[in-house]
Amino acid sequence: MTDTDDPIVRNDDEDLELSEPSEVAGGIPAVMETMRHARKKMGIFRGTKTLLRLNKPGGFDCPGCAWPDPDHRAPAEFCENGAKAVADEATTDTIGAEFFADHSIPELMEKSGRWLNAQGRIAEPLVRRENSDHYEPISWDDAFALIGDELNALQSPDEAIFYTSGRTSNEAAFLYQLFARAFGTNNLPDCSNMCHESSGVGLSEVIGIGKGTVLLDGFNYADAIFVIGQNPGTNHPRMMTALQKAKRNGATIVSVNPLRETGLTRFKHPQEVRGIVGGGTPLADLFLQVRINGDVALLKGIIKRMLELEDENPGEVIDREFIDEKTTGFDDVVADVEATSWDEIVDNSGIEREEIYRAADIAADADRMICCWAMGLTQHKNGVANIQQVVNLLLLGGHFGRPGAGACPVRGHSNVQGDRTVGIWDKPTDEFLDRLEETFGIDAPRDHGFDTVHAIEAMKSGDADVFVGMGGNFLSATPDTNYTAEALENCGLTVQISTKLNRGHLVTGDRALILPCLGRTEVDVQQSGEQFVTVENSMGIVHQSTGGLDPVSDDLLSEPAIVAGIAEATLGGDDAIGWSDFVADYDTIRDAIEEVIDGFEDYNRRVRQRGGFALPNPVREGQFATDDGRAKFTVHPIPEHDLDDGEYLMMTIRSHDQFNTTVYTNDDRYRGIHNARRVVMLNERDIEEAGLETGQTVDLISEYGGVERVAPDFRVVPYDLPRRSAGTYFPEANVLVPVDEYARKSHTPASKSIVIRIRPVQ
Ligand SMILES: Nc1nc2c(c(=O)[nH]1)N[C@H]1C(S)=C(S)[C@@H](COP(=O)(O)OP(=O)(O)OC[C@H]3O[C@@H](n4cnc5c(=O)[nH]c(N)nc54)[C@H](O)[C@@H]3O)O[C@H]1N2
Ligand SMILES: Nc1nc2c(c(=O)[nH]1)N[C@H]1C(S)=C(S)[C@@H](COP(=O)(O)OP(=O)(O)OC[C@H]3O[C@@H](n4cnc5c(=O)[nH]c(N)nc54)[C@H](O)[C@@H]3O)O[C@H]1N2
Ligand SMILES: [Mo]
C-alpha cells in the first residue's frame, strides 16, 4: 500500500548539520528571530504594527497557541513562535489564478510543504474541475452553488464530513456546526480529536468537566508544578514566563519527558533586561527522563512512595479529609500500587527509584500542586489512562477547588477549546441539541457523527463523499498519510477553507475547491461595520480578537460569511435561519450562542470588558460534576511494549521551527538539528549496537495488522533520549501511524507510541 520511492510528504532537506542542543530558551536569539520573521515576511511597517497588536486589548489573539494572556500585560507579550505564526499569516505575498495556471497540481505535489506555504496567502476562490490537473478561478456564488448541489445530491447528510481546525473563532464555529446540524449530520470531526481529546474524555469521566481547572494566576501560588509530556519552550513559549514567575515565588518545577527540552532547563525572558543579559533562570528542579509511554508506571511510583511517606508521617502527606469527603475509589488505587513492584515501576518508567522518591518528596511537600501536560500524554493508546493517572496524583493531595492547584491540560490551537464549547463535536449531548432545536426550529440529528479517524475510514469505504475542511491540513495532520490520501481521493468533492496553500489542497476528490478566508490579523468589515470575533483560551477565558491589517486581497471572505454562503446555497429558501443577518453583525451570532449554551450570559457586554470573562468551571469551586458529585480515583494497567530486537518505540514531535503541518524552516534550532526534517533521533548506544552511523540514510518501517508502512530516506541523528526510543517529526512520520492505532475511548491517534524498525538504505 505504500510506495517507498514516493513519499507523500515532500521535503527539501539539505545537508544535515548537527550542533549541541541549546541550553537556554528565549533571550536575544529569540528576540532576533522574532524581528527577522516579522520584517522578512511583512515588511518593516506591517511587521511592527502587527506585533504591537498581538495579544493586546483591542488587538488580535495570537494564532500561535492557546496559552492565556496575563492580566497585567507587559508592553507586548509575544514570543518568537507566536511572531512566526503571525508573520506567516500576515505576509503580503499572494497566490491566485496566475500561480495556479503556471503550476499544475502534479507539479505542486513535487514541492515541499515548506515551499507550498511560503508562496503566500491564497487570494481568490479556486476550483479543480473533474479530470483537470489545474486549479482555476471560480466566483464565490458558483463555488457555493457547487457545494450546495453536491451536498443535496447525497443519499444521506451523513455522507458529508465537516472538519474544523482550532483557529476558527467561536462565531464561525457556531455557525458551522449549526449549518451541519440543520443540514442533518453530526459529522463534525476536529483537530481536537488528534490532540487533547484524551484529556477531555479522561477528565470528564473522573472530575465531571473536560477542561482544565487552573487559572493563570494560580501559577503564582503553586508550590509544585509538574510539566509532563510537554515542550513549552517551543510550543507554548509564553508559558515560560508564568513558570519563571512561579519559580520566583517559590514553586518547585518537575519536568517529565524523554527529552531534555530547551527552556525547561534554563529560560531567559526576552522582554526583561535581566533576561537578556543574564544566564537565564534554571526552571526545572528535577528532570525525569521517562521512557516513551512510561508515565503510568512513573506516576504509580510517585503515588506508591507518597503512601509510604504517609504511613511514616500520618496526616502529613495526603489529604485524607478531601479523599473521604470528595472522592471514590481511593482504596483500589492503594491496593493497586501496593501490588505493583518497584522493579515493575522502574523498568517500565525508566526512572531510578531514588529519582521517583525525589519527585514524591516534592509532591508530598506541596500544599498546592499543578500538573500541566500536552501531547506527550494524550497521543498514546492509553492516553485517557495517562490523564486519569495524573488526576489520581492530584486527588491524593486534594489539589482541586483552590487557587494554585489543579489539572492544566495545555491546549494547542488558539481556539480549539472554544470550538468544542460552541458545538464542534461529533458526540453532542442531547441537551445541547434540544437547545439548538428550540432556538432555531431545526430537527437536529441525534446519531453521533464521525470523529477524525472514523471520517477517514468513511471516506475510504465510500460511506462519505463530501469533505469540507474549516482550516487545517487534514491530509498531513491525520495518521496514515497514504491511506488518508486514498480516502480523500475517493470523495466526489473536497473543499478547503484556508489561508495558506498546503499539501491537503493537492490530494482531492473528483472536484475540489479552495475557499480563501480572512486571517485573524485582518480587518473584518460587514454590513454593520467592523467586526471582532471571540475565542476561548486554554483556561476557559473568553475574549475578543480584532484584526487590524488590511486584507491581503479583496476577494477574501470571513469564515462566518463563507459558512453562511454554503448554508444558503445548500438549505435554500426553506430554512428559517437568517444566515445573512448573522454575517451582517456578529453580535447576533453571540446572542444566539448565549441562547444555546450556558455560561455565555450577557455575552456581548461581558466580552467587551477588558480581558473578557471566565466560563463557569464547577471544579474550580470544588464541585465535581460527576454522577455522584465525587471525583473518581481510577486504576490503570502499566502499558506493555514488548519490543523485539531491532524495534524502537517512536514518538512524532514538533521541531522548534514549525506550526503543526506548517514548516517555517528545516531547522530545529533548540535541538541543534539543522537543514533537515527527515531525521530519526536515536540513543547513541542504540545507534552503535545497530551498527548505524550518524547521518546515515535509513527507511523507517512500521508493521501493524500485517501491513507494512514505510517512511523512506530518514537520516540517523544521535540524541539524548532513553534506550530503544525514537523521535521523528510530524508530519513526515505520519505515514507510519496506522489509522486504527488510536487511544481507547478518545480515539486520539497513538502518534507518540509507534513501534518501528530501521532499514539502512544501501
Ligand atoms: N511553535 C509551535 N507552537 C505550537 C504548535 C506548533 O506546532 N508549533 N502546535 C500547537 C498545538 S496544536 C499543540 S497540541 C501544542 C503541542 O505541544 P506539545 O505537546 O509540547 O508538542 P509535541 O512536540 O507534540 O511535544 C510533546 C512533548 O512530549 C514529549 N513526549 C513524547 N512522548 C512522551 C511520553 O510518552 N511521555 C512523556 N512524559 N513525554 C513524552 C516529547 O518529547 C515532547 O517534548 O502546541 C501548540 N503550539
Ligand atoms: N504524527 C502526529 N500527528 C499529529 C500530531 C502529532 O503530534 N504527531 N499533532 C496533532 C495535533 S495536536 C493537531 S492540533 C493536528 C493539527 O491539525 P490541523 O489543525 O488540521 O493542521 P494545521 O497544520 O494546524 O493547519 C494548517 C493550515 O490551516 C490553515 N489556516 C491557518 N490559519 C487559518 C485560519 O485562520 N482560517 C482558516 N480557515 N484556515 C487557516 C492554513 O491553510 C494552514 O495550511 O495535527 C495532529 N497530528
Ligand atoms: Mo493540537
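Computed from a predicted structure; not experimentally measured.

Overview of a negative patch on the surface
Okay, so step 1: A surface patch of like charges, here negative, comprises D343, E344, D347, E640, D642, D644 and D645.
Okay, so step 2: Overall, D343 belongs to the exposed group, its relative accessible area being 59%.

Quick notes on the site of ligand 1
Okay, so step 1: Taken together, 33 residues sit near ligand 1, with N257, E261, N293, D295 and N660 positioned nearest.
Okay, so step 2: Contacts to ligand 1 include G376, whose backbone N or O atom sits 3.4 Å from a nitrogen atom.
Okay, so step 3: Compared with its free state, where it exposes 910 Å², ligand 1 has 99% of that area covered by protein.
Okay, so step 4: For the shell around ligand 1, the class distribution of residues is 13 nonpolar, 16 polar and four charged.

Digging into the domain arrangement of the protein chain
Okay, so step 1: When the domains of the protein chain are assigned, the result is domain 1 (2-22 + 641-760), domain 2 (25-89), domain 3 (96-194 + 415-617) and domain 4 (197-409).
Okay, so step 2: Each of domain 3 and domain 4 was reduced to a C-alpha centroid, and the two centroids are 36 Å apart.
Okay, so step 3: Each side of the interface is counted separately: domain 3 has 15 residues, and domain 4 has 13 residues.
Okay, so step 4: When domain 3 packs against domain 4, the two sides together hide about 900 Å² of surface, and 43% of this comes from carbon and sulfur.
Okay, so step 5: In terms of surface lost to domain 4, no three residues of domain 3 exceed M194, M539 and N617, which account for 53% of the buried area on that side.
Okay, so step 6: Linking domain 3 with domain 4 are two salt bridges.

What about the packing of aromatic side chains?
Okay, so step 1: This structure, assessed with the given rule, holds 22 aromatic pairs.
Okay, so step 2: On the numbers, 5.6 Å between centres and 40° between planes, the contact of W140 with F144 is tilted. Remark: F144 and W140 occur in helix α6 (residues 140-152); sequence separation between them is four residues, near one turn of the helix.
Okay, so step 3: When its relative accessible area of 8% is taken as the criterion, F144 is described as buried.
Okay, so step 4: Here F179 and F183 contribute two aromatic rings whose centre-to-centre distance is 6.1 Å and whose plane-to-plane angle is 25°, an arrangement assigned as stacked. Of the two residues, F179 and F183 are both situated in helix α7 (residues 170-183); the distance of four residues between them amounts to about one turn of the helix.
Okay, so step 5: Members of the aromatic cluster, joined through ring pairs, are F162, Y176, F179, F183 and W579.
Okay, so step 6: The ring of W115 has K111 lying over it, and the distance from NZ or CZ to the ring centre is 4.5 Å.

Looking at the pattern of salt bridges
Okay, so step 1: Overall, the coordinates contain 45 salt bridges when judged by the stated rule.
Okay, so step 2: A salt bridge links E136 to R129; its shortest N-O distance comes to 3.6 Å.
Okay, so step 3: Judged by its relative accessible area of 39%, R129 falls in the partly exposed class.
Okay, so step 4: Within this structure, E80, K84, D657 and R669 form a network of salt bridges that share partners.

So, the packing of helix α12 (residues 295-312) against helix α14 (residues 330-339)
Okay, so step 1: Between α12 and α14, whose axes approach to 9 Å, the crossing angle comes to 100°. In terms of their interaxial angle, α12 and α14 are classed as roughly perpendicular. Note on element contacts: α14 touches α12 through F330, V333, V334, D336, V337 and E338, opposite K300, I303, K304 and L307.
Okay, so step 2: For the contact of α12 with α14, the residue count by class is six nonpolar, no polar and four charged.

Here's the deal with the site of ligand 2
Okay, so step 1: Surrounding ligand 2, one finds 29 residues, the nearest of these being Y163, S165, A477, E559 and T661.
Okay, so step 2: N473 places a polar main-chain atom, nitrogen or oxygen, 2.9 Å from an oxygen atom of ligand 2.
Okay, so step 3: Side-chain polar atom of K752 to an oxygen atom of ligand 2: 3.1 Å apart, as the coordinates give it.
Okay, so step 4: Contact with the protein chains covers 96% of the free accessible surface of ligand 2, which is 930 Å².

Side note on helix α10 (residues 237-248)
Okay, so step 1: In a regular helix each residue adds 1.5 Å, so twelve residues correspond to 16 Å; α10 covers 17 Å between its end C-alpha atoms and thus fits that length.
Okay, so step 2: With ten of twelve residues buried, α10 lies mostly within the body of the structure.

A word on α7
Okay, so step 1: Compared with the 20 Å implied by 1.5 Å per residue over 14 residues, the 20 Å span of α7 between its first and last C-alpha is a close match.
Okay, so step 2: Most of α7 is tucked away, with 13 of its 14 residues classed as buried.
Okay, so step 3: Looking at the residues trailing α7, positive phi occurs at G184, about 125°.

Some words on the nonpolar core
Grouped burial of nonpolar side chains is what soluble globular proteins tend to show.
Okay, so step 1: With 62 residues, the main nonpolar core has F162, F174, F179, F440 and L515 as its most contacted residues.
Okay, so step 2: Tallying contributions element by element places α7 first for this core, with eight residues.
Okay, so step 3: When residues no more than four places from it in sequence are discounted, the contact partners of F174 are V422, L436, F440, I589, A592, I593, V596 and I597.
Okay, so step 4: Listed in part, the 59 residues of the second largest apolar core include L116, Y163, C491 and Y648.

Some points on the sheet that holds strand β29 (residues 679-682)
Okay, so step 1: Around the barrel, six strands lie side by side as β25-β32-β29-β31-β30-β33; this closed barrel has mixed pairing. Looking at each pair of strands side by side, their axes are set apart by 45° on average, direction ignored.
Okay, so step 2: Pairing geometry for strand β25 (residues 647-653) and strand β33 (residues 754-760), over four bridges, is antiparallel. Note that in β33 the partner of M650 across the bridge is I754.

Comments concerning the environment of F267
Okay, so step 1: Along the chain, the position of F267 falls in strand β10 (residues 266-268).
Okay, so step 2: Measuring from C-alpha to C-alpha, the distance between F267 and T281 comes to 5.3 Å, with 14 residues separating the pair along the chain.
Okay, so step 3: Setting aside residues no more than four positions away along its own chain, F267 makes contact with V24, A25, G26, M240, T241, Q244, G280, T281 and L283.

Basis of the calculations
Starting afresh in each chain, residues are numbered from 1 along the sequence in its written order. Here every chain gets a letter starting at A, and every ligand a number starting at 1, in the order they are written. Since the coordinates come from a predicted model, pLDDT governs what is reported: local features require at least 70, and pairs of side-chain atoms require 80 or more to be given and counted, while whole-chain, interface and lining totals use all residues. Excluded from the side-chain calculation are hydrogens and water; included are all heavy atoms of the structure. Like-charged residues are merged into a patch within 9 Å and nonpolar side chains (Val, Leu, Ile, Met, Phe, Trp, Tyr) within 5 Å, provided each residue has over 30% relative accessible area and no salt bridge. Areas reported here follow the Shrake-Rupley algorithm with a probe of radius 1.4 Å; residue values treat only the protein chains shown as occluding. Salt bridge, as used here, is a side-chain nitrogen of Lys or Arg placed within 4 Å of a carboxyl oxygen of Asp or Glu. Only four residue types enter the charge count: Lys and Arg as positive, Asp and Glu as negative, with His and the chain ends excluded. Where a charge lies is defined by one atom per residue type: Lys uses NZ, Arg uses CZ, Asp uses CG and Glu uses CD. The cut-offs for exposure are 20% and 50% of the maximum accessible area for each residue type, with area from a 1.4 Å probe on protein chains only; residues under the lower value are buried, those over the upper are exposed, and the others partly exposed. We call a residue near a molecule or strand whenever a single non-hydrogen atom of that residue lies within 4 Å of it. Polar contacts here mean pairs of N or O atoms no more than 3.5 Å apart (in protein, one a potential hydrogen donor and the other a potential acceptor; neighbouring residues in sequence count only if both atoms are side-chain atoms). Residues are grouped as follows: nonpolar covers Ala, Val, Leu, Ile, Met, Phe, Trp, Tyr, Cys and Pro; charged covers Asp, Glu, Lys and Arg; every other residue, Gly included, is treated as polar. By convention here, the domain bounds are inherited from an automatic or database domain assignment. Only heavy atoms matter for contacts: two residues are in contact if any of them lie within 4.5 Å across the pair. A simple way to read buried area is as the amount of 1.4 Å-probe accessible surface that goes missing from two parts once joined, with both sides added. For Phe, Tyr and Trp, where Trp contributes only its six-membered ring, two rings pair if their centres lie within 6.5 Å, and the inter-plane angle classes them as stacked under 30 degrees, edge-to-face over 60, or tilted in between. By the criteria applied, helices consist of DSSP H or I runs no shorter than four residues and strands consist of E runs no shorter than two, each listed in order from the N terminus. Any Lys NZ or Arg CZ that is within 6 Å of a ring centre and within 35 degrees of that ring's normal is treated as a charge sitting over the ring. Note on method: axes are straight lines fitted to C-alpha atoms, helices fitted across the in-contact stretch only, with angles between N-to-C directions ranging 0 to 180 degrees. Just so you know how the angles are binned, under 35 degrees is roughly parallel, over 145 roughly antiparallel, 65 to 115 roughly perpendicular, and the rest oblique. Every helix has an expected span of 1.5 Å times one less than the residues it contains. For the purposes of this section, nonpolar cores are sets of buried Ala, Val, Leu, Ile, Met, Phe, Trp, Tyr and Cys residues that join through side-chain atoms within 4.5 Å. Should DSSP find at least two bridges between two strands, the strands are regarded as paired.

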